[in-house]
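Chain and residue survey
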Amino acid sequence: MKYVLKRLASLVITLFFISLVTFIAFDLIPGDSALTSLGTNATEEQIEKLREERGLNDPLSQRYLKWLSRAVRGDFGDSYQYKIPVTELIGKRAVTTLLLALMSFIFIYVPAIPLGMLAAKFTGKWQDRISHVGSQVIMAIPPFFMGILLTALFGVVLNIFQPGNFVFPTDDLFKSLRYLVLPAIAIALPKIAMVMKYLRNSVLEETGKDYIKNAVASGSTKKTALWRHAFKNAMIPVITFSTMMIGEILSGSIVVEQVFSVQGIGRLMITGISMRDYPVITALVLYVAAIVIIINMLGDFAYRLVDPRLRRQKL
Amino acid sequence: MQDNLDQNVILKVEDLCLSFGQKKILKNVSFQVRKGETVGIVGETGSGKSMTAMAVMGLLPDNATVSGRITFDGRILTKLTEKEQAAIRGDDLSMVFQDPMTFLDPVMKVGKQVGEPLRNHGIKDKKERKKRVLELFRKVSFKDPELIYKSYPHELSGGMRQRALIAQALIGDPKLLIADEPTTALDPKVADDILSLIEKLNMEHKDMAMLFISHDLDIIRRMCDRVLVMYQGELVEEGKTRDVFERPKEEYTKTLVADIPHCEELAGDDDTVLKLTDVSAFYKDDSGVRHDILENVSFHLKENETLGLVGESGSGKSTLARIITGLNKEYTGKYETFGNKPQMIFQDAYSSLNPAKTVEWIMEIPLKVRGIKGRKERRQMIIDILEKVGLDESYLDKKPKNLSGGQRQRVCIGCALCSESKLIIADEAVSSLDVTVSSKILKLMQDLQKEKGFGILFISHNMELVSKYCHRVLKIEDKTVKEGDKYEVINKEA
Amino acid sequence: MKNMKKSLKICLIIAAILILAALIGHFWTPYSTTDMDVSLKNAPPSWQHLMGCDNFGRDIFSRVLNGMGTTVLVALLTVGIGLIVGTVLGSLVGYYGGIVDTVLMRICDVILAFPTVLMVLVFIAITGTGKYNIIYALGFLFIPSFVRMSRGEILKLKEMEYIKSAKVMGVSNIKIIFFHIIPNMRSALLTSLVVGFNNAVLAEASMSYLGLGVQPPDASLGRMISEAQNYLFRAPWYPIFPGIVIIIIILTFSMLGEELRDMENAG
């Protein structure tokens, strides 16, 4: 329990620092957000007026404190670009991205774990070699290119997918899910290969270990030794790997959202950057940071749960 | 008569050959083990003794090619299927391995794991299994069997894990127990306890035969009725343990049982090369609290002298060595060394030479430190020294990975010579070497000492070795050293 | 070279060809990369135009070569920054330890915990787009992984007895780090160099695809794909060829990385 509190405290502190760093960083940027919003034709007065409105003329410390006092209450200001509260803007899109990430996660692990075990079982045989070459090739395809290939195949050749027909999950969950299948596959495919390879190597490493020899010497058949002993041990590194995988999925979704015109936080981020919409970017950075940190925490808990060596160890 | 004898034989190995590709590991190995008998297999690294055990257990890697016949309890093991073999393993035939740290599944509780052989052999009732496991835990002298039952392997010490593994091997009441270097990875004191335990269990299980594998002649002498000597995959000699050790017939066995070189009398008035006065060593833990490792250590070492330093692991032997060589700064008191910086020869010949570099580069370092500028001059000095340590010019360009353990240790000694130091600290310098190699290295150090006159601080856990090889012995006990007549120190220990 | 595995040799040869092609493409291309020719609009591959022409009638092969040049240059420079800064920092903090070590590793952990693409985006939000900005951003983001790798290696190596004996002999700390320890990190460095190169290629392509990386008139494989996306059916060669080239680069270097790892494990 104390451990959980400690981790939560460190979450808050890390978020605080990240917000401070982003704030300072954006302050140092040469460009002017007011200028970007109004375009180059704007007069000096117009720009000055907007700067005043956005509070850009106040000193940095004052602006930060103001922002912070509002942020802790959940108010991240208004978007420069859309002129609506940032929270409202992010809410819907965050649901989309999280849904996409969740679907990708399922699409990765459901096939990857049995495939990985199979690859370990057939190690050295032709099945293993084919899967090895295949996974190398799939891993080499950049997610956005994979997205384009999938759109081509399903959208135009098979005609069962209409690119651009995105629906928010908050509007129509079923339609939205149907639309997100392809983007999720585009994210998942290279990662399936990765997880599969990782699990295979992990299982092989475990089967070479001494305790497997001991299990066989105590009368286990090789198959029982694999399932009763090696599998559980092999899953431990896979769990750590999976927390990293979630970051990778988010990375992938930022790019793939662009390919499939999915209205998620990735797309919002990209338009935000080109429009210098700092309230949006700051809020998004913190939002993703919180998710990543929480996922890492959960990963740590899971790790402790499966590995008794860590359970009784103080941190 | 022949039939009668055969009935008593529990294990019969005939013409066992084993190879990995072109590499022959075992060549026509044949022997027998009778019921209730303890047979030892002794040999050095690569002699094939462990592979013989693995072959009997059916635990050979898939890429091994085997021929010959292994008969166990009237059944020909080499002809059984995997499933039939599994039915015998862990029941009538079981094994205790070398390193207890790695042979237990880290994520399964010890009690459950020790009960696995019962589960594998059809005892489905959990309670019954637990009863048997606890019974055996008491037998292997666990103080709190219930607690051990619930523990995970990492919560037990090395000695406790080995006890658990022994319990696991005995749970099926085996007719033959194979023990492969069961104490090699343990501290001397713990190893001794484990050997006593095995002796006790062997007495209790009169019918159980044992195949005991070790590189350590003393252990074999203590445990075994008969001994097989293996060398490069062949069985070179076989007989009653006493006969083989006292009257070896084969040339190889003779070198194997040959004694440690004895030290010679000292002339007397030599110069002192090392002097410690009231040295205390400590370390600070994370919260800054000081913990003493050694207190008020004082002794001196002269030229031409070999001073033994013995003590259990963790007693501070290596800390002392680190202080003298300047690696450890956390000490109080005073030490003086005379002449060039003292040199160190480490235990692990594999990590004591930089793997990315050649022998010449490595041996040049002390010369450069001494300020010898000329490249050619240095090269000639290195060649001279290589010859002194029993190597030659052809070793200059070799990398450590292409050298054997003994050759590496020779290079290390060469480095020490290069520095022309008056003091050499040998920290378990021969402990990881095979017996025959180690006695050659010891002889080499002795010869070089006679020529160069340096003093040796010889650190070891091996009491017998130290008592024969060193002029004087210091023993670390209760954080301080006791100096005295070496035989007295050793005998007290025994 | 003699006792190298055949598969490793093949990987090395292909990698060399790719790098060479990229270098050539950086300075010279068969046709101009910017000249437009309406008569060649969306022309299919032919002997004159190996990969066909794009919607402005520009030679795709020339543009791919040039784009490879940019991509490889960006990747090499970013990995170079990460390698040099990361290894030196990691080696020093790993060897000396102390508070600097703790703080630096904490920062690296935080940076590494975040999705790379997100970090690059934030960086670009600060520095703006363009070839050099993407090099700075990626280069900076590659530092932590090299710091972590070299620190881990040095922690392992400094406990080696040959390092202790060098100290005993009186070799100075800086000499120990650079002449005794770093040569032993060679194979680990090489492997992470190859892996890093791949990540850099992928990151640059993704960023340029999103329009946040290399800006026109500089050609970039990622940017070409994003421009070509709409011509997938009218002129499939337009997006396919740059895509295939990216895949070949990544595939070659990941195989190379794997071969190097195998070699390392085999000793």
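A word on the overall build of chain A
Looking only at helices and strands, one finds 13 helices and 0 strands in chain A. Counting from the amino terminus, helix and strand elements in chain A follow one another as α-α-α-α-α-α-α-α-α-α-α-α-α. Counting only C-alpha atoms and orienting by the principal axes, one finds that chain A spans roughly 85 × 55 × 35 Å. Taken across its 315 residues, chain A has 48% of its residues classed as buried. Sequence-distant contacts in chain A: of pairs separated by 6 or more residues, those separated by 24 or more amount to 72%. Accessible surface for chain A amounts to roughly 15500 Å². Of this, 66% is attributable to carbon and sulfur atoms.

Description of the pairing of strand S4 (residues 64-72) of chain B
All names here are of chain B. In this sheet, S4 lies alongside strand S1 (residues 9-20) in antiparallel orientation, the contact comprising 8 bridges. Looking at S4, one finds that Leu-11 is bridged to Phe-72. In this structure, S4 lies alongside strand S5 (residues 75-76), joined through 2 bridges in antiparallel fashion. The residue of S5 that forms the bridge with Phe-72 is Arg-75.

Examining the interface of chain A and chain B
In this assembly, 22 residues from chain A lie in contact with 29 residues from chain B. Taken together, both faces of the contact between chain A and chain B bury some 2300 Å²; the carbon and sulfur share is 52%. Among the residues chain A hides against chain B, the three largest losses belong to Asn-214, Ala-217 and Arg-228 of chain A. Together they make up 24% of the total. Our enumeration of links across chain A and chain B arrives at 2 salt bridges.

Examining the pattern of salt bridges
Inspection of every chain in the model, using the stated rule, returns 37 salt bridges over all chains. Note that Asp-210 of chain A and Lys-213 of chain A form a salt bridge whose closest N and O atoms lie 3.9 Å from each other. Taken together, the positions of Asp-210 of chain A and Lys-213 of chain A, both in helix H9 (residues 210-217) and 3 residues apart, correspond to about one turn of that helix. The class of Asp-210 of chain A is partly exposed, set by a relative accessible area of 21%. Glu-82 of chain B is the partner of Lys-222 of chain A in a salt bridge, and the nearest nitrogen-oxygen pair spans 3.8 Å.

Some words on the domain arrangement of chain A
Domain assignment breaks chain A into domain 1 (17-71) and domain 2 (86-312). The distance between the C-alpha centroids of domain 1 of chain A and domain 2 of chain A comes to 37 Å.

Describing the packing of helix H8 (residues 173-207) of chain A against helix H10 (residues 222-260) of chain A
All names here are of chain A. Close contact between H8 and H10 brings their axes to 8 Å; oriented N to C, the two are set at 155°. Relative to H10, H8 is oriented roughly antiparallel. H8 and H10 meet at a crossing whose hand is right-handed.

Digging into the environment of Asp-180 of chain B
Residues and elements named next belong to chain B. Here Asp-180 is to be found in strand S7 (residues 176-180). The exposure class assigned to Asp-180 is buried, which follows from its relative accessible area of 6%. C-alpha of Asp-180 to C-alpha of Ser-298: the two residues are 118 residues apart in sequence and 42 Å apart in space. Contact partners of Asp-180, with chain neighbours within four places excluded, come to Ser-50, Met-95, Val-96, Phe-97, Gln-98 and Ile-213. Separated by 3.1 Å, the side chains of Asp-180 and Ser-50 make a polar contact.

Some details on the sheet that holds strand S8 (residues 209-214) of chain B
All names here are of chain B. Taken in spatial order, the 6 strands line up as S6-S7-S8-S3-S9-S10 in an open sheet, and their pairing is mixed. This sheet does not close on itself; its edge strands, each paired only once, are strand S6 (93-96) and strand S10 (234-240). Each adjacent strand pair in this sheet contributes to an overall mean axis angle of 20°, direction not counted. The strands that helix H2 (residues 49-57) touches are strand S3 (38-42), S6, S7, S8 and strand S9 (226-231); relative to S6, the one it contacts most, it runs at about 145°.

Notes on helix H7 (residues 143-157) of chain A
Look at H7 of chain A: 20 Å from first C-alpha to last across 15 residues, which is about the 21 Å you get at 1.5 Å a residue. Every buried residue belonging to H7 of chain A is among Pro-143, Phe-144, Phe-145, Met-146, Gly-147, Ile-148, Leu-150, Thr-151, Ala-152 and Gly-155 of chain A, and all of these are buried.

Brief notes about the packing of helix H1 (residues 6-27) of chain C against helix H2 (residues 60-96) of chain C
All names here are of chain C. Across the interface, H1 lies against H2 with an axial gap of 7 Å and an inter-helix angle of 110°. Taken together, the axis directions place H1 and H2 in an arrangement best described as roughly perpendicular. Side by side, H1 and H2 meet where Leu-18, Ile-19, Ala-21, Ala-22, Gly-25 and His-26 of the first sit next to Leu-65, Asn-66, Met-68, Gly-69, Thr-70, Val-72 and Leu-73 of the second. Split by residue class, the contact of H1 with H2 holds 8 nonpolar, 5 polar and no charged.

Observations regarding the interface of chain C and chain A
Taken together, the 32 residues of chain C in the interface contact 37 residues of chain A. Between chain C and chain A, roughly 3000 Å² of surface is buried when both sides are summed, and carbon and sulfur atoms account for 82% of that area. Inspection of the chain C/chain A interface yields 1 salt bridge. Residues Lys-197 of chain A and Glu-258 of chain C are paired through a salt bridge, measuring 2.8 Å at the closest nitrogen-oxygen approach. At the boundary of chain C and chain A, one finds 4 residue pairs in polar contact (both at pLDDT 80 or more). For the side of chain C that touches chain A, the elements supplying multiple residues, two or more each, are helix H4 (116-127), helix H8 (186-209), helix H9 (221-228) and helix H10 (237-266) of chain C. Considering every element that reaches the side of chain C that touches chain A, the biggest residue donor is H10 of chain C, with 11 residues.

Quick notes on the environment of Phe-458 of chain B
All names here are of chain B. With respect to the helices, strands and loops of the structure, Phe-458 is situated in strand S17 (residues 455-460). The class for Phe-458 is buried, based on a relative accessible area of 1%. Along the chain, Phe-458 and Val-310 lie 148 residues apart, while their C-alpha atoms are 8.5 Å from each other.

Looking at the sheet that holds strand S11 (residues 272-284) of chain B
All names here are of chain B. Strand order in the open sheet made by the 3 strands is S12-S11-S14, with antiparallel pairing throughout. In this open sheet, the two strands that pair with only one neighbour each are strand S12 (290-302) and strand S14 (331-337). Ignoring which end each strand starts from, the neighbouring axes of this sheet average 15° apart. Across the face of the sheet, helix H13 (residues 317-324) comes into contact with S11, S12 and S14 while running at roughly 115° to S11.

As for the packing of aromatic side chains
The full count for this structure, using the stated rule, is 14 aromatic pairs over all chains. Seen in terms of ring centroids, Trp-227 of chain A and Phe-231 of chain A are 5.3 Å apart; in terms of plane orientation they differ by 45°. Their pairing is tilted. Here Phe-231 of chain A and Trp-227 of chain A lie together in helix H10, a separation of 4 residues that amounts to about one turn. In this structure Trp-227 of chain A comes out as partly exposed when scored by relative accessible area, which is 48%. When the centroid spacing of 5.2 Å and the interplanar angle of 80° are considered together, the rings of Tyr-95 of chain C and Tyr-96 of chain C count as edge-to-face. Overall, Tyr-96 of chain C belongs to the partly exposed group, its relative accessible area being 47%. By way of ring pairs, the aromatic residues Phe-16, Phe-17 and Tyr-64 of chain A are connected into one cluster. In this structure, Arg-290 of chain B is placed above the aromatic ring of Phe-282 of chain B, and the distance from its NZ or CZ to the ring centre is 4.0 Å.

Digging into a nonpolar patch on the surface
Residue and element names in this part refer to chain C. A cluster of nonpolar side chains, Ile-81, Ile-84, Val-85, Val-88, Leu-89, Tyr-96, Ile-174, Phe-178 and Phe-179, forms an exposed patch at the surface whose accessible area comes to about 770 Å². Every element with two or more residues in the nonpolar patch is listed here: H2 and helix H7 (173-181). Looking at the nonpolar patch, the element that brings in the most residues is H2, giving 6 residues. Of note, Phe-178 is situated in helix H7.

Here's the deal with the side chain of Thr-252 of chain C
Relative to the helices and strands, Thr-252 of chain C resides in helix H10. When residues no more than four places from it in sequence are discounted, the contact partners of Thr-252 of chain C are Cys-11, Ile-14, Ala-15 and Leu-18 of chain C.

Brief notes about a positive patch on the surface
A contiguous patch of positive charge, built from Lys-232 of chain A together with Lys-109, Lys-112, Lys-126 and Lys-150 of chain B, is present on the exposed surface. Assignment of secondary structure puts Lys-109 of chain B in the loop between S6 and helix H4 (110-114).

Here we look at helix H15 (residues 375-388) of chain B
Since the α-helix advances by 3.6 residues per turn, residues separated by three or four positions end up pointing in the same direction. Here H15 of chain B spans 20 Å end to end across 14 residues, near enough to the 20 Å set by a 1.5 Å rise per residue. Directly beyond the C-terminal end of H15 of chain B, a positive phi value near 85° is found at Gly-390 of chain B.

Re the confidence of the model for chain C
Per-residue pLDDT for chain C has a mean of 81; in total, 93% of the residues score no lower than 70. Interface predicted TM-score (ipTM) for the complex: 0.81; the corresponding pTM is 0.78.

Quick notes on the rules
Residues numbered from 1 in each chain as written. Chains lettered and ligands numbered in written order. Predicted model: local features only at pLDDT ≥ 70, side-chain atom pairs only at ≥ 80, totals over all residues. Heavy atoms only, no water. Helix = DSSP H or I, 4+ residues; strand = E, 2+ residues; numbered from the N terminus. Buried < 20%, exposed > 50% of the residue type's maximum accessible area, 1.4 Å probe, protein only. Contact = heavy atoms within 4.5 Å. Areas by Shrake-Rupley, 256 points an atom, 1.4 Å probe, with all protein chains shown as cover. Pairing = 2+ DSSP bridges. Buried area = accessible area lost by both parts, 1.4 Å probe. Salt bridge = Lys/Arg side-chain N within 4 Å of Asp/Glu carboxyl O. Domains from an automatic or database assignment. Axes fitted to C-alpha atoms, helices over the stretch in contact; angles between N-to-C directions. Parallel < 35°, antiparallel > 145°, perpendicular 65-115°, else oblique. Left-handed = near helix turned anticlockwise from the far one by under 90°. Polar contact = N/O pair within 3.5 Å; in protein donor to acceptor, adjacent residues only side chain to side chain. Expected span 1.5 Å × (residues − 1). Nonpolar A, V, L, I, M, F, W, Y, C, P; charged D, E, K, R; others polar. Phe/Tyr/Trp six-rings, centres within 6.5 Å; stacked < 30°, edge-to-face > 60°. Lys NZ or Arg CZ within 6 Å of the ring centre and 35° of its normal. Patch = residues over 30% accessible without salt bridge, like charges linked within 9 Å, V, L, I, M, F, W, Y side chains within 5 Å. Lys, Arg positive; Asp, Glu negative; His and termini not counted. Charge placed at Lys NZ, Arg CZ, Asp CG, Glu CD. pLDDT = per-residue confidence, 0-100.

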